[in-house]
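Notes for the structure review
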Amino acid sequence: MGYDSRSVDNQVGGARYHQPNNEKTTLTSQQTLRPIGTISPILINGKLIMQECWQQKVVWDDLLTPALQEKWQGLVKDLSILESVKFPRNTVNEKETIKLHVFCNASGKAYGTVAYLVSNGQANLLTSKARVAPLKKRSLPQLELTALLLGTRLAQNLIKALSNIHFKETVIWLDNEAVLQWVKNNNSKNPYVSNHVKEIRELSAGYKLRYVPTKENPADHLFRGLTLQQLTKAEMWFNGPQWLVSDQWPKQKPQVIVTNVIISSENPELPRTLVIDPNRYSELNKLIGVTQVVFEFLKKIGIKHKFPSALRYWVKRA
């Protein structure tokens, strides 16, 4: 790996991989260098392969399945040529107005967070972290809550490490309104949720927690996994969404009280009732918007039910 602190373009390289000397494919780290998390969307592929091996109970001397061999060989190919690829790295003047933005996201396979420094009309990748999802199954909102905790910890660590910089503001972004409501309301009786929320609230004092649409969330790359070719073309990964350097941030959706969704114990896949008090909303559009968001959330977490339109739902109950 080459890194020149005097250069605007710093070269980020990968490790050297030896070709297997027999018919068996061996998975090794070979001291892969991961400067500032630039290549996390590539390395997460290796972590997912290793987890898949655990799930298939592959032992050290076993042959990999053809599908796993193909994935591993593609990863090795990318890492072997990584040292010849350059990624832009810009520095900042600590006397400038500097903001810290951290994006979080998760899927059933992995979760992660990525941070950007914004100053002087520019946004630049600072660092990132990616983790595979635990083998013990968690709901998607719980995994996104875990990603939010990872991002909150990252923000605090960065502020401590960059103590010479005064950040004008720190903003943490997530594309799941339900999780943001968990943190705001702090009334979940689920131990996993309540413990995570408690730490997030303690660490994020003074930070802003905001909603970002999934398509504009660069942390989305962390669990999808990218090839080297895809990574070099992923402008949003290196610079964040275009609006990050302006004041035109995404509009926040109506707040949803997710704890008001009651699921029947007899058939957990069918909503028995939605306790949404229409008297809380002075405008019909707001009531319809909140109801539609609740429906979308229920679909996202796997509730199998044919939901009507939000307007039709309330017309039937008028």
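Residues numbered from 1 in each chain as written. Predicted model: local features only at pLDDT ≥ 70, side-chain atom pairs only at ≥ 80, totals over all residues. Heavy atoms only, no water.

**Quick look at the overall build of the protein chain**
- Counting its secondary structure elements, the protein chain contains 10 helices and 9 strands.
- A total of 318 residues make up the protein chain; the buried ones form 46% of that total.
- Carbon and sulfur atoms make up 49% of the accessible area of the protein chain, which amounts to about 18100 Å² in all. (Helix = DSSP H or I, 4+ residues; strand = E, 2+ residues; numbered from the N terminus. Buried < 20%, exposed > 50% of the residue type's maximum accessible area, 1.4 Å probe, protein only. Areas by Shrake-Rupley, 256 points an atom, 1.4 Å probe, with all protein chains shown as cover.)

**Points about the sheet that holds strand E3 (residues 98–106)**
- An order of E5-E4-E3-E6-E7 is seen for the 5 strands of this open sheet, with the pairing classed as mixed. In this open sheet, the two edge strands, each paired with only one partner strand, are strand E5 (122–132) and strand E7 (208–211). Put simply, the sheet's adjacent strands are angled 20 degrees from each other on average, direction ignored.
- Summarising the sheet, E3 and strand E4 (residues 110–119) pair through 9 bridges and their orientation is antiparallel. Looking at E4, one finds that Leu100 is bridged to Leu117.
- Packing of helix H1 (residues 40–55) onto the sheet brings it into contact with E4 and E5, and relative to E5 it is tilted by some 5 degrees. (Pairing = 2+ DSSP bridges. Axes fitted to C-alpha atoms, helices over the stretch in contact; angles between N-to-C directions. Contact = heavy atoms within 4.5 Å.)

**Quick notes on helix H4 (residues 177–185)**
- Here H4 lies mainly inside the structure; 7 of its 9 residues are buried.
- Every buried residue of H4 is accounted for by Glu177, Ala178, Val179, Leu180, Gln181, Trp182 and Val183.
- On its buried face, H4 sits against helix H3 (140–161), strand E6 (167–174), helix H5 (191–203), E7 and helix H9 (284–300).
- Where H4 begins, the capping side chain belongs to Asn176, and its oxygen is found 2.9 Å from the backbone nitrogen of Ala178.
- Directly beyond the C-terminal end of H4, a positive phi value near 50 degrees is found at Asn186. (Polar contact = N/O pair within 3.5 Å; in protein donor to acceptor, adjacent residues only side chain to side chain.)

**Here's the deal with the packing of aromatic side chains**
- According to the stated counting rule, one finds 5 aromatic pairs in the structure shown.
- For the ring pair Phe103 and Trp243, a centre distance of 6.2 Å and an interplane angle of 55 degrees mean the geometry is tilted. You can see Phe103 sitting in strand E3 and its partner Trp243 sitting in the loop between helix H8 (235–239) and strand E8 (261–263), a full 140 residues away along the chain. The same class applies to Phe103 as to Trp243, namely buried.
- Against the face of Tyr192 rests Arg138, its NZ or CZ located 3.8 Å from the ring centre. (Phe/Tyr/Trp six-rings, centres within 6.5 Å; stacked < 30°, edge-to-face > 60°. Lys NZ or Arg CZ within 6 Å of the ring centre and 35° of its normal.)

**Notes on the confidence of the model for the protein chain**
- Mean pLDDT for the protein chain: 77, with 77% of residues reaching 70 or above.
- Averaged over each element, pLDDT in the protein chain is lowest for E8 (37) and highest for E3 (94).
- Taken as a whole, residues 1–33 scores under 50 in pLDDT and shows 68 contacts with residues more than four places along the chain or in a different chain. (pLDDT = per-residue confidence, 0-100.)

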